[in-house]
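# Results of the structural survey
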Amino acid sequence: MGSMRQWWSEPSDYAWTVDYTLSHPIIRVTGYLIGVYCWMYGLACTLALLTPYAAHIGHARWVLIAIAATTLFVGYAWIRGAFPSYNWSLAFVVYADVGVASVLILLDGPTAILPCAALLGVAGNYIAAFHSAKVFVGHQVWTMLVCAVLYVRAVSEPDAYFAQYTGYLVVLVLVLVSSPILTQSLLVFLRRDAAVAHFDPLTGLHNRRGLETAVALFTDVAVGVAAIVVDLDDFKAVNDRHGHRYGDDVLRRTAHTIATVFPLPAVTARTGGEEFVAIVAGPLSTALDAADRLRRAVPDCNPAGLTTTSIGVHYRPIPARDTAACLTEMLHQADSAMYEAKRLGGDSVVVDGVDGQSARCLGLPGDGS
């Protein structure tokens, strides 16, 4: 029972799943495939209108025509647009479930339509991948209600083959319910375990393993990558003066600030107690501007006192997709630059390895910046 409660209460973490999907070189085409599936369903609706099963449904034909027409726009939105927000994703689930059910129920000839209820499994696969157990169970209940309606209509036909239609129903239960439940449960726990393995539980940023995994997924061929190491100055004094709970809150605030200053597609991580890392693709000037903005913002992360940070930056003119091969060396160089910033008194940004220069510094303590 404990495992069932855990499965039921496990959040979907929709944003993380979408980010992972878009960052993976193979499954990042998911949005395009969903768009194509929408168009294929629209084609199926159109073909259904040309069959004898739509010959005597009267004005209900316009419902099928409307559903077929909307699939053009929904499919285009998936192919041309970004992944929808969580609420729009839920709206898409409702649209898919209601749209499929409407067509199945409105068409005449329930004995031939009953096996077509398997179409509800397409939406089920999407829900299993991107949504929580609660949404998934709602879809499953809806699926079983639709199948029950179609089954009752089929066995109510004159000279109905009860055994055959009951066999159809059993197959539908296996395809639409039993197998997806196992798949959805597996995905939920894999997603949770992946989050534990790749993310820091305190701050929500990547850990070192997650950092390496995320950088390995870089596919950009644009030249220029900066490794940025951030370390809070004299953070032990914060814990000693205010306690570890308060110190953890400062770390969470700092992590949020880092993620804001270095948004996706940059990769941010917490690699030590008060040490953070950002891997940023793009011009050095952009990375330096962001690093200095972070230096200026960090003091606000400690409302009860002044906490500054030392930042080391190492830049290489390499394609972003080649970062993984030299990540360890880049972090070592950035780490050395960070310790140089410490040596200079903290509250500064030291840049290492730029066009032959060993280091230069931004924002020295006492400079008023």
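Everything below is about the structure shown above.
An account of the accompanying structure is given in this report.

Rules and cut-offs
Residues numbered from 1 in each chain as written. Predicted model: local features only at pLDDT ≥ 70, side-chain atom pairs only at ≥ 80, totals over all residues. Heavy atoms only, no water. Helix = DSSP H or I, 4+ residues; strand = E, 2+ residues; numbered from the N terminus. Buried < 20%, exposed > 50% of the residue type's maximum accessible area, 1.4 Å probe, protein only. Contact = heavy atoms within 4.5 Å. Core = buried A, V, L, I, M, F, W, Y, C linked by side-chain atoms within 4.5 Å. Axes fitted to C-alpha atoms, helices over the stretch in contact; angles between N-to-C directions. Parallel < 35°, antiparallel > 145°, perpendicular 65-115°, else oblique. Left-handed = near helix turned anticlockwise from the far one by under 90°. Nonpolar A, V, L, I, M, F, W, Y, C, P; charged D, E, K, R; others polar. Pairing = 2+ DSSP bridges. Salt bridge = Lys/Arg side-chain N within 4 Å of Asp/Glu carboxyl O.

## Considerations on the overall build of the chain
If you tally the helices and strands in the chain, you get 14 helices and 6 strands. Dimensions along the principal axes, computed over C-alpha positions, put the chain at roughly 90 × 45 × 35 Å. The buried share of the chain, taken over its 369 residues, is 46%. Relative to all contacts within the chain whose residues are 6 or more apart in sequence, the contacts with residues 24 or more apart total 73%.

## Here's the deal with the nonpolar core
One finds I228, F262, F276, L294, I311 and V313 to be the most contacted residues of the largest nonpolar core, which totals 30 residues. When contributions to this core are tallied by element, the ones reaching two or more residues are β1 (223-232), α11 (235-242), α12 (244-261), β3 (275-281), α13 (284-297), β4 (309-319) and β5 (348-354). With sequence-adjacent residues up to four places away left out, V313 is seen in contact with A226, A227, I228, L284, L288, A291, A334, A337, V349, V350, V351 and D352. Within the second largest apolar cluster, 29 residues are counted, among which are A54, A60, A68 and I113.

## Thoughts on the side chain of T307
Relative to the assigned elements, T307 resides in the loop between α13 and β4. Judged by its relative accessible area of 1%, T307 is buried.

## Section: the packing of helix α5 (residues 86-106) against helix α7 (residues 120-130)
Put simply, α5 and α7 touch, their axes get as near as 9 Å, and they point 165 degrees apart. In terms of orientation, α5 and α7 fall into the roughly antiparallel class. The way α5 lies across α7 gives a crossing that is left-handed. On the side of α5, the interface is formed by S89, F92, V93, A96, D97 and V100, while α7 contributes L120, A123, Y126 and I127. Residue composition of the contact of α5 with α7, grouped by class: 8 nonpolar, 1 polar and 1 charged.

## Some points on the pairing of β3
Consecutive side chains of a regular strand alternate in pointing toward one face of the sheet and then the other. In terms of burial, β3 is a largely internal element, 6 of the 7 residues being buried. For β1 and β3, the ladder comprises 7 bridges, and the chain directions are antiparallel. For V230, the partnering residue across the bridge sits in β3 and is F276. Of the strand pairs in this sheet, strand β2 (residues 267-270) and β3 are connected by 4 bridges, and their pairing is antiparallel. Opposite V267, over in β3, you have I279 as the bridge partner. Linking β2 to β3, which pair antiparallel, is a turn of 4 residues.

## A look at the packing of helix α3 (residues 30-49) against helix α4 (residues 60-80)
Contact geometry for α3 and α4: axes closest at 8 Å, N-to-C directions at 160 degrees. It follows from the interaxial angle that α3 and α4 lie roughly antiparallel. Note that α3 runs across α4; the crossing there is left-handed. Counting all contacts with α3, which are made through G31, Y32, I34, G35, V36, C38, W39, Y41, G42, C45, T46 and L49, the residues of α4 involved are R61, L64, I65, I67, A68, T71, L72, V74, G75, Y76, W78 and I79. Of the residues belonging to the contact of α3 with α4, the class tally is 17 nonpolar, 6 polar and 1 charged.

## Examining the pattern of salt bridges
With the rule as written, the count across this model stands at 12 salt bridges. A salt bridge links R208 to E212; its shortest N-O distance comes to 3.1 Å. Of this pair, R208 and E212 are both found in helix α10 (residues 208-216), 4 residues apart, which corresponds to roughly one turn of the helix. As a salt-bridge pair, R316 and E329 come within 2.9 Å of each other at their nearest N and O atoms.

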